[in-house]
Amino acid sequence: GNSVTQMEGPVTLSEEAFLTINCTYTATGYPSLFWYVQYPGEGLQLLLKATKADDKGSNKGFEATYRKETTSFHLEKGSVQVSDSAVYFCALSEWETSGSRLTFGEGTQLTVNP
Amino acid sequence: ETGVTQSPTHLIKTRGQQVTLRCSSQSGHNTVSWYQQALGQGPQFIFQYYREEENGRGNFPPRFSGLQFPNYSSELNVNALELDDSALYLCASSIQGNQETQYFGPGTRLLVL
């Protein structure tokens, strides 16, 4: 079945540091890939997505490139801010005869210190 | 345009009881999915509803059931609550033709004692 593996957290960075959160996936077909962010006490917010190989998703300074050859979708940001502190989830979606469901990784807690 | 809303925000129940959680989808969205997020884990897919019918189900027992109404709002019902049902329950809506992109509500936090 489908699965998503994220780098283990938590991750602690200083403000303006470079961020990478690794994500790899296993899927039977050609999934779409997503990054969601969850702030304390809130639901999930869609951060970015990519629907096919070599696509780059980007939003709010975050980027991730769909790498089919390495089955990866690593999240990067050049300069993090304190406000980026949250839990980040990598997810995939693959269309099935019974609809479309998201499969999530375990999440990576990011803390950015001033 | 309103986003996905859920009610209640918090709920405390005792083992063996039944609970109903509610979700209003984002305007224009006709597909609703429900997820369970245990503490410190990623969300797990429960089921999806489209056109008032279940349209896919994850690895959850039959005591987890749902409904979708003509206005696309939805309910999640859980019977015979167990301690392990304590979690954040998330509703997500999407639009037919782009069901894979799902937008989440704030969730209902359920505690089973």
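Keep in mind that this is a model prediction, so the values were computed, not measured.

(A) Molecular detail of the overall build of chain A. Across its full length, chain A carries zero helices and twelve strands. Traced from its N-terminal end to its C-terminal end, chain A shows the element sequence β-β-β-β-β-β-β-β-β-β-β-β. Relative to the 2.2 N^0.38 estimate, which gives 13 Å for 114 residues, the radius of gyration of chain A is 14 Å and therefore close to what a compact globule would have. Once the C-alpha set of chain A is aligned to its principal axes, its extents read approximately 45 × 30 × 20 Å. Sorting the 114 residues of chain A into buried and exposed places 46% on the buried side. Summarising the internal contacts of chain A: among those between residues at least 6 apart in sequence, 56% fall at separations of at least 24. For chain A, the computed accessible surface area is about 5,500 Å², with 47% contributed by carbon and sulfur atoms. Computed over 8 positive and 13 negative side-chain charges, the separation of the two mean positions in chain A equals 7 Å.

(B) How the structure looks around the overall build of chain B. Of the regular secondary structure elements, chain B holds zero helices and eleven strands. Overall, chain B shows an N-to-C arrangement of helices and strands of β-β-β-β-β-β-β-β-β-β-β. The globule rule puts the C-alpha radius of gyration for 113 residues at 13 Å, and the 13 Å found for chain B is close to it. Across its three principal axes, chain B shows a C-alpha extent of roughly 40 × 25 × 25 Å. Considering only residue pairs separated by 6 or more positions, chain B has 54% of its internal contacts joining residues 24 or more positions apart. With an accessible surface of roughly 5,300 Å², chain B has 48% of that area assigned to carbon and sulfur atoms.

Thresholds applied
- Residues numbered from 1 in each chain as written.
- Chains lettered and ligands numbered in written order.
- Predicted model: local features only at pLDDT ≥ 70, side-chain atom pairs only at ≥ 80, totals over all residues.
- Heavy atoms only, no water.
- Helix = DSSP H or I, 4+ residues; strand = E, 2+ residues; numbered from the N terminus.
- Rg over C-alpha atoms; globule rule 2.2 N^0.38 Å.
- Buried < 20%, exposed > 50% of the residue type's maximum accessible area, 1.4 Å probe, protein only.
- Contact = heavy atoms within 4.5 Å.
- Areas by Shrake-Rupley, 256 points an atom, 1.4 Å probe, with all protein chains shown as cover.
- Lys, Arg positive; Asp, Glu negative; His and termini not counted.
- Charge placed at Lys NZ, Arg CZ, Asp CG, Glu CD.

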